[in-house]
2 protein chains.
Amino acid sequence: MVRIFFVIVSLNIGLFATAETLLVEKKKFDVGTYVTEYGETIENVVFGYETFGELNADRSNAILVPHFFSGTSHIAGKYDENDKAVGYWDNLIGPGKAVDTNKFFVIGVDSLSNINALQKNVYTTGPASINPDTNKPYGMRFPRLTAVDLVRVQKSLLDSLGVKKLYVSMGASGGAVQSMQWSATYPDSVGRVIAIVPPGLKIPEFESAMMELWLDPIKLDKNWKGGEYYESEFPKGGLVSSLKLMTLNGTGYRFAREKFPSTTLDPCDPKKDHCLQTERNFINFMTKRAEGKVDGIDPNSVITMVDTYQTFDITNDIGKIKAEFLFILCQDDRIFNPNDALNSISLLKVAKPNTKVHYFSSDIGHLGAIRDVDRFESSIRSFLND
Amino acid sequence: MVRIFFVIVSLNIGLFATAETLLVEKKKFDVGTYVTEYGETIENVVFGYETFGELNADRSNAILVPHFFSGTSHIAGKYDENDKAVGYWDNLIGPGKAVDTNKFFVIGVDSLSNINALQKNVYTTGPASINPDTNKPYGMRFPRLTAVDLVRVQKSLLDSLGVKKLYVSMGASGGAVQSMQWSATYPDSVGRVIAIVPPGLKIPEFESAMMELWLDPIKLDKNWKGGEYYESEFPKGGLVSSLKLMTLNGTGYRFAREKFPSTTLDPCDPKKDHCLQTERNFINFMTKRAEGKVDGIDPNSVITMVDTYQTFDITNDIGKIKAEFLFILCQDDRIFNPNDALNSISLLKVAKPNTKVHYFSSDIGHLGAIRDVDRFESSIRSFLND
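Counting starts from 1 at the beginning of each chain's written sequence and moves along it residue by residue. The naming scheme follows written order: chains are lettered A onward, ligands numbered 1 onward. In keeping with the predicted nature of the model, local features appear solely for residues at pLDDT of at least 70, side-chain atom pairs appear and are counted solely at 80 or more, and the whole-chain, interface and lining totals rest on all residues. With hydrogens and water set aside, each side-chain value is computed from the structure's full complement of heavy atoms.

All names here are of chain A. Should DSSP find at least two bridges between two strands, the strands are taken to pair. Strands are runs of DSSP state E lasting at least two residues, helices are runs of H or I lasting at least four, and both sets are numbered from the N terminus onward. With five bridges joining them, strand 15 (residues 324-330) and strand 16 (residues 356-360) adopt parallel strand pairing. Of the residues in strand 16, the one forming a bridge with Leu329 is Tyr359. After leaving strand 15, the chain enters helix 9 (residues 338-351) and then returns to the sheet as strand 16, a path that is right-handed. By definition, the crossover connecting two strands over a helix is right-handed if that path, from the first strand to the second, turns clockwise as seen with the strands pointing away from the viewer.

Turning to the packing of aromatic side chains, a few remarks are in order. All names here are of chain A. Here is the rule: rings of Phe, Tyr and Trp (six-membered ring for Trp) pair when centre to centre is within 6.5 Å. Planes less than 30 degrees apart are stacked, more than 60 are edge-to-face, and the remainder are tilted. Taken as a whole and judged by the stated rule, the model has 42 aromatic pairs over all chains. Here the aromatic rings of Tyr138 and Phe142 are separated by 5.0 Å at their centres, their planes lie at 80°, and the arrangement is edge-to-face. An identical accessibility class is assigned to Tyr138 and Phe142; each is buried. Pairing Phe255 with Phe260 gives two aromatic rings, centres 6.1 Å apart and planes at 90°, and the pair type is edge-to-face. Categorising residues by exposure relies on relative accessible area from a 1.4 Å probe, with only protein chains included: less than 20% of the type maximum marks a residue as buried, more than 50% marks it as exposed, and the intermediate range marks it as partly exposed.

Take the environment of A:Ser379 next. All names here are of chain A. Its location among the elements puts Ser379 in helix 11 (residues 377-385). Residue classification places Ser379 among the buried positions, given a relative accessible area of 16%. Whether two residues touch is decided by their heavy atoms; if any such pair falls within 4.5 Å, the residues are in contact. Beyond its immediate sequence surroundings of up to four residues, Ser379 is in contact with Leu326, Ile328 and His358.

A word on the interface of chain B and chain A. How big an interface is tends to be reported as the loss of accessible area on association of its parts. Across the boundary between the two partners, chain B contributes 66 residues, which contact 66 residues of chain A. Once two parts are put together, the accessible area they lose, assessed with a 1.4 Å probe and summed over both, is termed the buried area. Both faces considered, chain B and chain A share a buried interface measuring about 5,600 Å² in area, 59% of it formed by carbon and sulfur atoms. We define a salt bridge as a side-chain nitrogen of Lys or Arg found within 4 Å of a carboxyl oxygen belonging to Asp or Glu. The interface formed by chain B and chain A contains two salt bridges. Between B:Asp340 and A:Arg257 there is a salt bridge, with the nearest N and O atoms lying 2.3 Å from each other. We call two N or O atoms a polar contact when they sit within 3.5 Å, provided that within protein one can donate a hydrogen and the other can accept it, with sequence-adjacent residues counted only if both atoms are side-chain atoms. Linking chain B with chain A are 14 residue pairs in polar contact (both at pLDDT 80 or more). Sorting the residues of the side of chain B that touches chain A by element identifies helix 3 (205-213), helix 4 (216-220), helix 5 (236-250), helix 6 (253-259), helix 7 (281-293), helix 8 (299-310) and helix 9 (338-351) of chain B as the ones contributing at least two each. At eight residues, helix 3 of chain B tops the list of elements feeding residues into the side of chain B that touches chain A.

Overlaid copies result from least-squares superposition on C-alpha atoms, with residues included only where pLDDT is at least 70 in both. When chain B is fitted onto chain A, the two copies agree to an RMSD of 0.0 Å after a turn of 180° and an axial shift of 0.0 Å. Taken together, the rotation angle and the small translation identify this as a two-fold axis. In this assembly the copies share their binding face: 100% of the residues contributing to the interface of chain B also contribute to that of chain A.

What follows concerns the sheet that holds strand 16 (residues 356-360) of chain B. All names here are of chain B. Strand order in the open sheet made by the eight strands is 3-4-8-5-11-12-15-16, with mixed pairing throughout. Both edges of this open sheet fall to strand 3 (27-35) and strand 16, since each of them pairs with a single strand only. With direction set aside, neighbouring strand axes in the sheet form an average angle of 20°. Examined bridge by bridge, strand 11 (residues 166-172) and strand 12 (residues 190-196) share six bridges and lie parallel to one another. The residue of strand 12 that forms the bridge with Ser169 is Val193. Along the sheet face, helix 2 (residues 174-185) touches strand 5 (62-66), strand 11, strand 12 and strand 15 (324-330) and points at about 150° away from the line of strand 11. Axis geometry follows a simple rule: fit a line to the C-alpha atoms, using only the stretch in contact for helices, then measure angles between N-to-C directions, giving values from 0 to 180 degrees.

All names here are of chain A. Where helix 1 (residues 147-161) meets helix 2 (residues 174-185), the axes come as close as 9 Å, and the angle between the chain directions of the two elements is 75°. By the criterion of interaxial angle, the relationship of helix 1 to helix 2 is roughly perpendicular. Judged by residue contacts, Ala147, Val148, Leu150, Val151, Gln154, Lys155 and Leu158 of helix 1 engage Val177, Gln178, Gln181, Trp182 and Thr185 from helix 2. Residue classes follow a fixed rule: Ala, Val, Leu, Ile, Met, Phe, Trp, Tyr, Cys and Pro count as nonpolar, while Asp, Glu, Lys and Arg count as charged, and any other residue, Gly among them, counts as polar. Here the contact of helix 1 with helix 2 is composed, by residue class, of seven nonpolar, four polar and one charged. To sort the angles, those under 35 degrees are grouped as roughly parallel, those over 145 as roughly antiparallel, those from 65 to 115 as roughly perpendicular, and the leftovers as oblique.

The next subject is the pairing of strand 3 (residues 27-35) of chain A. Residues and elements named next belong to chain A. Two elements, strand 3 and strand 4 (residues 41-52), share seven bridges in a ladder whose sense is antiparallel. Note on strand 4: the bridge partner recorded for Phe29 is Phe47. In this antiparallel pair of consecutive strands, strand 3 and strand 4, the connection spans five residues, and Gly39 shows a positive phi of 90°.

What follows concerns the pattern of salt bridges. Oppositely charged side chains are able to pair whenever their charged atoms sit close together. Residue and element names in this part refer to chain A. Taken as a whole and judged by the stated rule, the model has 30 salt bridges over all chains. A salt bridge links Asp372 to Arg375, with the shortest nitrogen-to-oxygen separation between them at 3.5 Å. Judged by its relative accessible area of 35%, Arg375 is partly exposed. When salt bridges with common partners are traced through the structure, they connect Asp363, Arg371, Asp372 and Arg375 into a single cluster.

With that settled, consider the side chain of A:Thr146. All names here are of chain A. By the secondary structure assignment, Thr146 is in the loop between strand 10 (136-137) and helix 1. Residue Thr146 is classed as buried on the basis of its relative accessible area, which comes to 6%. Sequence-distant contacts of Thr146, that is, excluding residues within four places in its chain, are made with Glu37, Tyr38, Thr308 and Thr311.

Turning to unusual backbone geometry, a few remarks are in order. You will see that A:Lys225, though not glycine, has its phi angle at about 50°, which is positive. As for its placement among the helices and strands, A:Lys225 is situated in the loop between helix 4 (216-220) and helix 5 (236-250). Owing to a relative accessible area of 44%, A:Lys225 belongs among the partly exposed residues under this scheme. Even without glycine at this site, B:Asn135 takes up a positive phi of about 60°. Residue position: B:Asn135 is located in the loop between strand 9 (130-131) and strand 10 (136-137). A relative accessible area of 61% means that B:Asn135 is categorised as exposed.

Any functional reading would require information beyond the geometric quantities listed.
Set out below in C-alpha cells:
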C-alpha cells in the first residue's frame, strides 16, 4: 500500500485543506483446483483482492470485507492517482477512519462469480471463465455455488497471508451474507461479524422472489440464448432492465421524490407510433446508471449470483457460532426488509444475548449502506474497539 | 339486476345460514366515434358496464366505480349462479353492505384499453381492437389515452342513463385515479370522491418508474415484436414476468413471511445444467397466479394502460374541484406509497380542509384494498351517509 497526499482547494472558504488518498494495488489469488460444496470440481480458480494497513506481529488485526451483489474488492483508495472514483467504502475505511487502517489490516476480496467479471481490475472465476473441458466460457454450465463456497476460497487466501483468525468479517448486503457465513463455516476463525443491511440469517421468501424477478429480463432477451452469448451479441437490453430493477429496489420513494421533484424530461408526440412512456427524470437516471455499468457485467453471473444468495441459510448453525455480532439495519430498506432480518436475528439473540442491532434511516434505502456511512460509523467504531 | 337466494351449510356448527347472491348482467355501451384528449379520432368505441340497485326518482343516488389496473366492471355479484367467483368488491357492494345497493345505484365500468381485453365478459376499446383503417388490431398504433379520456367516455354512459351528477365516484388504485379525474374534468358532476390506495393527485416519480419496469419483460419477449403479435405467438413469457412484478409490488414482506413460512418446494440437482433458482413457495405462488390470468390479458394494453396512468396529474386542477374527498391509504402499500400520496393530498387539504384521510394496515399491502375491505368499510359507510 502506498499513500500519497494531494491538495484540495476549498473554493468556499478560500483555505487550503489537505486530504489523504490511499493508493492500493489489485492482486490476484490463485486457489487452484477447488471442489464446491455440491461436490463439483473447478480448475484454475482465482479471485482478486487488495489490502490496506499492516498485519500486526500476532496476526490478530485482520478485517475481511467481502462485497455486495454489484461490488468488487475495491473497498477504499484508488488504483492510480488519476482514477476518478475511490473504493466504495472510502469514507469508512482508511487511516483514522472508523475502520482504521493505521490499526487494522483490511482485506477486500472479489467473490467467486462476481457479476463484474468483464470489468478490468476484477479477478473472479464464474460463468464467464474458460471451461478447460471445452476451451469456451462455462456459461450456465458453471457449477452451482453457495455462500459456503464463497467463504471457503477466502479462507485459502487468509491461510496464505498467515491469518489464522479474523478480528472481524464485515460487509454490506451480499457482503453481510458472506461475513455471516464465515461465522458458521469457520466458527473458530472469526471473532466478530458486522452485517450491514443484511437479509438476516437466511434469505426470506419475499427477498428471494424479488431477486429472482431481476433475472427474467435477462432470460427473456433473445440474445441470452440459455447463456450461450459469449461469441455473439450480449443480452444488453435485458441486463439494463435487470439493473434498473435493482436500482428501483435499492433506492426508494423518498429518494425519487426529493431528487426528482419535476417529472417530465421530454414529452413525446402522442400522435407518433410507439410514443409512450415519455422520458422521465427518475427512470432516465436509472437507465443512465445501468448503461454506465453494463459493459463490465456478465449477465450469466448475475443469474448464478442470485442463486448463490438465495440458498444462504445459517439458521441451523446458530449453536456453533462463536463470533459476536453487530447488525446495522436500514429502516427504509426495500431490498432486505429490516423486520424480515430481525425475525431471524432474534433467534441468534436467544443464543447470544450480546448481539447488537443498530438502525439508521436513509432516503436512498438499501444503498444508504454505501452512501450514508456517517449514520452508522460510530457504532462500527465502538464495536471494533470494544 | 336479479337476486337469488342460496343456502350455505355451515359444517362447523350444524346450522343453516342464508346468504344472498346478486346476479348481474354485463352490458355494452356504444360510445361511437370518440376524439381523444390528444386530438385523435377512434371509431366504434365501446366499453362494458354493469349496474346494481335502482336509480331514484331525482337521479341523485348514482355511484360510479371505475376499476384498478387489472380489474374489470365486475365489482360485485355473479353473472351466473354457477360462477365460481364474485365481483372483486362483493364484500363492499351489495344490499345492506357499506355501499348499499338498496339505497344506491351503483355502476361498474370497464375502462378503455382494459388490459383484460381478451377475457370474456369484458368490453373495451384498445390496442387489441380492430383498426377500421387496416382491419387488423391497432397494436401500438392505438391512440395514446389519458385519464381524461377514460372518464369522458364514462360521462357519455351516465348521460345516456340520465345521471346528471354522481353522488360518488369511487375506486381503488387505478380506479381511484379515474374517480379523482372525474372531480377535475367534471367538477359539477360529482359530489364526492372515495380514493382507495391512490397515488395522490398525480403519479409520483418512483411509482411511475416502477410501473414502467413492469413493461420491460413484455418488450424484451421476442414474440412482442413491437406489438405486432396478434397473428402469431403472444409474448406470454414476458407477460407472466410482468404480472409477477405486479404481484411482488402489490403484496409485501409480511404476506410472504406469514403465508410461506417454509421456503423450498423442489430442490433441484445442483449438478444439472441450468439447475438454478430452486422452486420456492412464494415465487411459485406468483407464477401460478400470473399463469392463471395471462390468457385474458392483452400485453399491448398493459403497456398503454401504464402510460395512461403515468400521465395522470390533477394538481393544477385543485382550484376548480368541488367534490368532497375521502382518501383511504394503506400503510403497507408498496405500489402507491402513502407518504407520496399524502404529499399531494396535503395540497388539496389547503383548498378543502374537510378532506378526510383514513389509514389501514394490511400484510398484503396494496392488494389489501380488495381483500381487506373490513378495515375501511366503516369509514366509507360514514362518508356516504354523512
